[in-house]
Amino acid sequence: MSNKLNVLCVDTSTEACSVAVLCQNEEKQQVINDSFMLAPREHTKKILPTVEQVLQQAGLTLPEIDVLAYGRGPGSFTGVRIGISIAQGLAFAIEKKMVGVSTLQAMAQQAFKTQQAADVYAAIDARMGEVYFAHYLLKDELMVVVNEEIVIKPADLLALELDAAADSVLVGSGWAAYPELAAYFKNALKLDIEFPSAKYMLDEVVSCVEKSQAVLPELAAPVYLRDKVTWKKLPGRE
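Every value quoted in this text rests on a predicted model; they were computed, and no experiment measured them.

The rules behind the values
Residues numbered from 1 in each chain as written. Predicted model: local features only at pLDDT ≥ 70, side-chain atom pairs only at ≥ 80, totals over all residues. Heavy atoms only, no water. Buried < 20%, exposed > 50% of the residue type's maximum accessible area, 1.4 Å probe, protein only. Helix = DSSP H or I, 4+ residues; strand = E, 2+ residues; numbered from the N terminus. Salt bridge = Lys/Arg side-chain N within 4 Å of Asp/Glu carboxyl O. Core = buried A, V, L, I, M, F, W, Y, C linked by side-chain atoms within 4.5 Å. Contact = heavy atoms within 4.5 Å. Axes fitted to C-alpha atoms, helices over the stretch in contact; angles between N-to-C directions. Left-handed = near helix turned anticlockwise from the far one by under 90°. Nonpolar A, V, L, I, M, F, W, Y, C, P; charged D, E, K, R; others polar. Phe/Tyr/Trp six-rings, centres within 6.5 Å; stacked < 30°, edge-to-face > 60°. Pairing = 2+ DSSP bridges.

A. Examining helix α7 (residues 202-210) more closely. Among the nine residues that make up α7, seven are buried, leaving the element largely enclosed by the rest of the structure. Residues L202, D203, V205, V206, S207, C208 and V209 constitute the buried set of α7. Once α7 finishes, S212 follows within two positions and takes phi at roughly 60°, a positive value.

B. A look at unusual backbone geometry. Following G73, the chain continues into P74 via a peptide bond in cis, with omega recorded as 5°. Examined against the element boundaries, P74 turns out to sit in the loop between β4 (67-73) and α2 (77-94). Notably, R127 is not glycine yet its phi reads approximately 60°, a positive angle. Turning to its location among the elements, R127 is positioned in the loop between β6 (119-125) and β7 (131-139).

C. Local environment of the pattern of salt bridges. Inspection of the entire model under this criterion finds seven salt bridges. The partner of R72 in a salt bridge is E149, with the nearest N and O atoms 3.8 Å apart. Of the two residues, R72 is situated in strand β4 and E149 in the loop between β8 (142-145) and β9 (150-152); the sequence distance between them amounts to 77 residues. For E149, a relative accessible area of 14% gives the class buried. Put simply, E130 and R226 hold a salt bridge, and the shortest N to O gap is 2.8 Å. With E130 in the loop between β6 and β7 and R226 in the loop between α7 and α8 (227-232), this pair connects stretches of sequence that are 96 residues apart. E130 sits in the buried class, given a relative accessible area of 15%. Salt bridges here are not isolated pairs; linked through shared partners, they connect E15, D125 and R127.

D. Region of the structure containing the nonpolar core. Within the largest apolar cluster, 25 residues are counted, with the highest numbers of intra-cluster contacts made by L8, V21, V51, I65 and L68. Looking at this core, the elements that each hand over two or more residues are β1 (5-11), β2 (16-24), α1 (43-58), β4 and α2. Residue contributions to this core peak at seven residues, all from α2. Not counting residues up to four positions away in its chain, the partners in contact with L8 are V19, A20, V21, V51, L62, I65, V67, L68, A69 and L90.

E. Spotlight on the packing of α1 against α2. Following both chains from N to C, one finds α1 and α2 inclined at 35°, their axes separated by 11 Å at the closest point. Read as a crossing pair, α1 and α2 show a hand that is right-handed. Residues H43, T44, I47, L48 and V51 of α1 pack against I82, I86 and L90 of α2. Split into classes, the residues belonging to the contact of α1 with α2 amount to six nonpolar, two polar and no charged.

F. Structural view of the packing of aromatic side chains. Using the criterion set out here, one finds seven aromatic pairs in the structure. Consider the rings of F133 and W175, whose centres lie 6.5 Å apart with planes at 75°: the pair is edge-to-face. With F133 in strand β7 and W175 in helix α5 (residues 174-177), the pair connects residues that are 42 residues apart, well separated along the chain. Pair check on accessibility: F133 and W175 agree, each one buried. Connected via pairs of aromatic rings, a cluster forms that spans Y121, F133, W175, Y184 and F185.

G. Up close: the sheet that holds β4. Read across the open sheet, the five strands follow the order β3-β2-β1-β4-β5; overall the sheet is mixed. Where the open sheet ends on each side, the last strands, each with one partner, are β3 (30-38) and β5 (97-102). Neighbour to neighbour, the strand axes of the sheet diverge by 15° on average, direction disregarded. Across seven bridges, the pairing between β1 and β2 is antiparallel. For V7, the partnering residue across the bridge sits in β2 and is L22. Its contacts with the sheet place α1 against β1, β2 and β3, and it is angled at close to 25° to β2. Contacting β1, β4 and β5, helix α3 (residues 103-115) crosses the sheet at an angle of about 70° to β5.

Written out as structure tokens, the structure reads:
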């Protein structure tokens, strides 16, 4: 791969459906074309036409893409599967590697890129009375998870007694779904970032490519966080 880098990123892991194309030249100057829409239950209809549209806007054809990226979750089971399946299919077609990006990290990265936030709590409504949650701090222009991403009941999260700094911010759909969480994190500022966007996954993708962390399509994997619990609910599964 040359120093030029073209990335196609898709995300359908939540109610949002987004596509972004990054064109980076040898001087690492970037041009980004993207599309973001709320399209619950319409991802399968919207995603491929949107990919075609954004590629056209970028003046690229699919074979000119160097890396396929995708929102790896956490999010809805169906949405995460759609996104990775589309990205895998395209990657197999052009024989290129893949990078998965956390949906929680993408929202934290958006908070940094748009609001210069350096301390971010991200929460996505996980349904079933739970949230997907993680805490991020800025390091070298990227938001990095402090401990790990978890799926947790709001009451259990409150029991952790996390001490949010005065300059921290909140992103994601989890805060509106469970107002008691936002009330507890009263020192933090809630931003108008409800869902992840493929555009804000690109920084992490570039970092992974530079670290040689892109993988073959057959090795691309989703992150459900809840998958072990789900399997245990099925008879005969552990």
